[in-house]
Amino acid sequence: MSGTVVSGLPLLAVLVPTVAALLAALTTGRWPNLRDVWATVAGIAMVAITVILLVETLDGHIHRTVLLELSLGINSPGINIALRADPAGMIFGLLVSVLWVLAGVYAVGYMRGEHERKQTRFFVAFALSIAAAAGVALAENLLTFILFYELLSLFTYPLVTHRETETALVAGRKYLAYTLSGGIMLIGAAAWLHVLGVDTTFRAGGFLEGVNLDSVTQWALFALLAGGVGVKAAVMPLHSWLPSAMVAPTPVSALLHAVAVVKAGVFGMVRVGVFVFGAALLDDMGAWLVLAIMSAATLIIASILALRHDNLKRRLAYSTISHLSYIVLGVALIGPLALTGALLHIVGHGVTKITLFFVAGAIHVRTHKENVSELDGIGRQMPVTMGSFALASLSMVGIPPFILFTSKWYLGWGAVEVGQQAFLIVYLVSGLLAAGYLFPIVIRAFLRSSPDHTRYGEADIRMVAPIALTAVLALVWGIAPDLPLGFFELASTVADAAFPPSVALAGVTP
Amino acid sequence: MDPQPQLPVFIVGAPLLFSVIVPVLGRIWRHSAFLLALATVAVAAVASALSLELVLRKEPFSYHLGGWAPPVGIEYVIDEVSAFVCVVITSVSFLVLVSTRRWAEREAGDRPGVFYGLVLLLLAGLTGIVVTGDLFNLFVFLEIASLAAYALVFIGGRKAMLAGFRYLIIGSIGGALYLLGVGFIYFATGTLNMIEARELLEGTPSTRAAQVGAVFIFAGLGLKMALVPMHLWLPDAYEHAPSSVNSLIAPVMTKVAAYAMLRMFLSVFPAGFLSGTVPIADALLILGLIGIVFGSVAAAGQSDIRRMLAYSSISQLAFIAVGIGLGSPLALAAALLHVANHAAMKATLFLAAASVRLRVGLQRTHNLAGLGPRMPLTMGAFAIGSVAMIGIPPTAGFFSKWYMAQAGVDEGQWVVVAVVLFSSLLTAVYLFKVLEQVYLRPAKPEPSAHGDDERDASADAAPRPELAMRPVVERAREAPFDVWLPLVVLAAATVVLGVINVVIMDHVLLPGVS
């Protein structure tokens, strides 16, 4: 049923944003409008490509592009760089391309509204980051994954430091230190695997399954790989770069925290958990429990920390850390339902959190307010913006029928399925805490009256339209996750492939 | 007679011959010096490339100088490794020569012929070291290259005199140690030919003379390649040498000493000889690991960009030493790959620094703020070179680390793996310090001179008409075409080398070392 098709489409998905970056760099100066159009045009082109790939993937035709396949004459699998549109990669790839269109439009409105300097550098780095994220999504093997994972760190650095203030530079250094260390861990693990002669092509069920390794090697590889992706997934104690990186302009925060960087981290966790180790091995080793406990702790602690922060973006950052661990925990629970929930949560959290960040940016552009305590009455002045914020908050808390309800439902069900009710409780408590840190904002915005007499209107249409659209998407995908991009079908395909019925019975059920 | 085996003569002989002709013709017609030197380097580069092609197509060959057969006469050995290193040296030198013409002729004063003569002499020495198959002949070429290098460093002025003098003293000690070692080997084996020496050393139980010889040889070459703790001459020499000279010496000179070290492992001493009673391999490994860390940490503390790059070179050479110390074919191949990678990367960085010096006359990193948008090509090349040095895929630097880490895992040397990988972070520290200044900080109205060196730099920048009274970043313009084009080519080469590394490893280096 499933066959592999050699085609250039996966490469094209990576090239389109790269070309957009080049065009943006070349048309700088005289034609700022033309420069900003490229991102939108390229974004739409990228969506078209990923949708074609989606249709093909759902039909069982896995497209792959081999960029470099060379073997060395020594005991090593050689260098193999290839892209492949498998179902798991498509989930992340689709999310990236769809949200890039919206974030691209929003970014133009924001950058103009804030009169930011060096906009060309910003748009070029933005597009290159998207290209790297697409590469992470479509990477066929570990080396390709590392290639794009490192490039992603590099291309997002100018975005984090965009403001060029002292805080931004410090945040940038911290960002590089964390992400490069993560990359180094991955490179170390990959080099080790190559020496062991393991073919590192990602395979549902884990490419390490059946490879004879002693338990020290297994654990060391697990620590290196999970640690390497755990940096970007902001699993505590590797999270502290993320709140610092909030100094970046808001479209970047939206990109970092909803689309590209952190999602590359949790997606990497899916790759490591399901495609490198696989359910059976994680279960044998007991590594799932380590991952589950760390992510559960992160989930709760980050939610509590989010309550304490008055700065809106910082509060959202801690909320992000918490929600990323939802996904990591979903992977750690090694069950088909939990995995389906985790993959849906990648999509759901992406579209929901980007709405919240977009709103924070819109408020800043209009009012220059950054703190929750200043937002009294803002809802009546910016009704569409804050209405979207309210919708997204409902989604974050997990109220039906929003998408994050669907994903949390599967995650919780997955916890019960594998007999780990304790983690169901973690999920539920964290949902309550999310209500605790998000609803007060909505209540202030709509029910309190504004302390000053300034009348703020809605932000630029280029900002309001993406905000409203992402909020609506969170609702639409909650009611019908397959509409129109087949996220649920992709997620369940991955889960089926990762947990063939025999494995699920033998190794996972209590 | 088949003309192709004559190629080694063009690689070594052409620069040697023209190092004498160029100064003479340069007196008669000033501009001929540069053109003639460039043509000579081009001939050597083409000859190297043809040799490499020939080796890959057929098999390694040797050339008997003057027709004397090896045990008596001198033999030039062209195998995959030596041909490859020759290609790297000559092509990098070619690009650097083109790029540095503007300030080379200014720095060399009224006699560019002498300058280019010395450059050709240096090149003849370096290629000679690479191709020779004779231990004593290697010493001769080592001294030719070193003498040319001392003279070139002296051109830099008052401070360079002192640094160059120190370089001369230490370099001569290194040469003397090497020669002493060769003497002991001659006592032990009765031959100076590398391959024959190896056969003789292999056949007999190791004698005290051979062991002492090995120690002297490695101490001498260690000094030449600035292996910690024998590195003290290098930072001063690189800092005070003229820009045109350090862009040439830094990428190739110490690398060739490292190559000679590697040659000893490959061709002279039998396997096991250097890890038994005389644990030179282990010493190299340990000193290398210390050097990687020390060089990077010291580089992070420097404010002069050339000095920073000099310490960075110490760290990178230590990386090569680690590869030699590990000694497995993969590690040796990784070390050789790094010879090429580092030559391209360091040439990029030094040339960019030289180009900045040409335009703004400043070398302190904190004074370079805001330069990025004003010299986009120069600083863009610097950024790519930095990324390659840090080792972000798919650039060249990543793959040397990648193979070295694999070699470390293979040998069970976990410390090596950890140091090699985390050296990227240390490298990132000092290079991003520069990039941060250049791209993310606003230009200062005028440079703040902390040390006295900056005043030196601005003093020799001031007389030129294109500069105003004070060197100021705000007025900086992109370097001229003939400066930035070779720079951009080198920066592109760091990426291309990364992409095609497997081909180099598979066809050239791995067959060459096994």
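Residues numbered from 1 in each chain as written. Chains lettered and ligands numbered in written order. Predicted model: local features only at pLDDT ≥ 70, side-chain atom pairs only at ≥ 80, totals over all residues.

## Structural notes on the overall build of chain B
Selection criterion: Only DSSP runs of H or I reaching four residues or more are called helices, and only runs of E reaching two or more are called strands; each is numbered from the N terminus. The globule rule is 2.2 Å times the number of residues to the power 0.38, and the radius of gyration it is compared with is taken over C-alpha atoms. Note on contacts: residues are paired as contacts if their backbone-placed C-beta atoms lie within 7 Å.
When helices and strands are tallied, chain B shows 19 helices and two strands. Compactness check: chain B gives a C-alpha radius of gyration of 22 Å against a globular reference of 24 Å for 514 residues, within 12% of the reference. Dimensions of chain B, computed from the C-alpha atoms along their principal axes, are close to 70 × 55 × 40 Å. Taking all contacts inside chain B whose residues are at least 6 apart in sequence as the whole, residues at least 24 apart take part in 80%.

## Details of the overall build of chain A
Rules: Counting other C-beta atoms within 10 Å of each residue's C-beta, where C-beta atoms are placed from the backbone, gives the exposure class: buried for 20 or more, exposed for 12 or fewer, partly exposed between.
Looking only at helices and strands, chain A has 20 helices and three strands in total. Computed over its C-alpha atoms, the radius of gyration of chain A comes to 22 Å, within 12% of the 24 Å expected for a compact globule of 510 residues. By its C-alpha atoms, chain A is 70 × 55 × 45 Å across when sized along the principal axes. A buried classification covers 63% of the 510 residues belonging to chain A. Considering only contacts in chain A between residues 6 or more positions apart, those separated by 24 or more positions represent 82%.

## As for the sheet that holds strand β2 (residues 61-70) of chain A
Residue and element names in this part refer to chain A. Quick note on the threshold: The pairing criterion for strands is at least two bridges between them, as found by DSSP. Under this scheme, a helix contributes an axis fitted over its contacting stretch, all axes are lines through C-alpha atoms, and angles between N-to-C directions fall in the 0 to 180 degree range.
Strand order in the open sheet made by the three strands is β1-β2-β3, with mixed pairing throughout. Of all the strands in the sheet, just β1 (3-6) and β3 (79-84) have a single pairing partner and so form its edges. Neighbour-to-neighbour, the strand axes of the sheet open up by a mean angle of 40°, direction not taken into account. Sheet topology note: the β1/β2 ladder contains four bridges and is parallel. When the sheet's bridge partners are listed, G3 is paired in β2 with H61. Most of the contacts of helix α1 (residues 9-26) go to β2, to which it runs at about 75°, and overall it touches β2 and β3.

## Remarks on unusual backbone geometry
Generally, phi is negative for residues other than glycine and the peptide bonds are trans, each holding for most cases. A cis amide bond links A:P400 to the next residue, A:P401, at an omega of 5°. Looking at where A:P401 falls in the secondary structure, it is placed in the loop between α15 (383-397) and α16 (403-417). Going from B:P393 to B:P394, the amide bond is cis rather than trans, its omega being 5°. Following the sequence through the fold, B:P394 ends up in the loop between α14 (376-390) and α15 (396-411). Of note, the phi angle at A:A234 is positive, near 55°, even though the residue is not glycine. Counting through the fold element by element, A:A234 comes out in the loop between α7 (215-232) and α8 (241-244). When the 29 C-beta atoms within 10 Å are taken as the criterion, A:A234 is described as buried. The phi dihedral of B:A226 falls on the positive side, at around 60°, and the residue is not glycine. Within the secondary structure, B:A226 is located in the loop between α8 (208-224) and α9 (233-240).

Any link to function would need more than the numbers given here.
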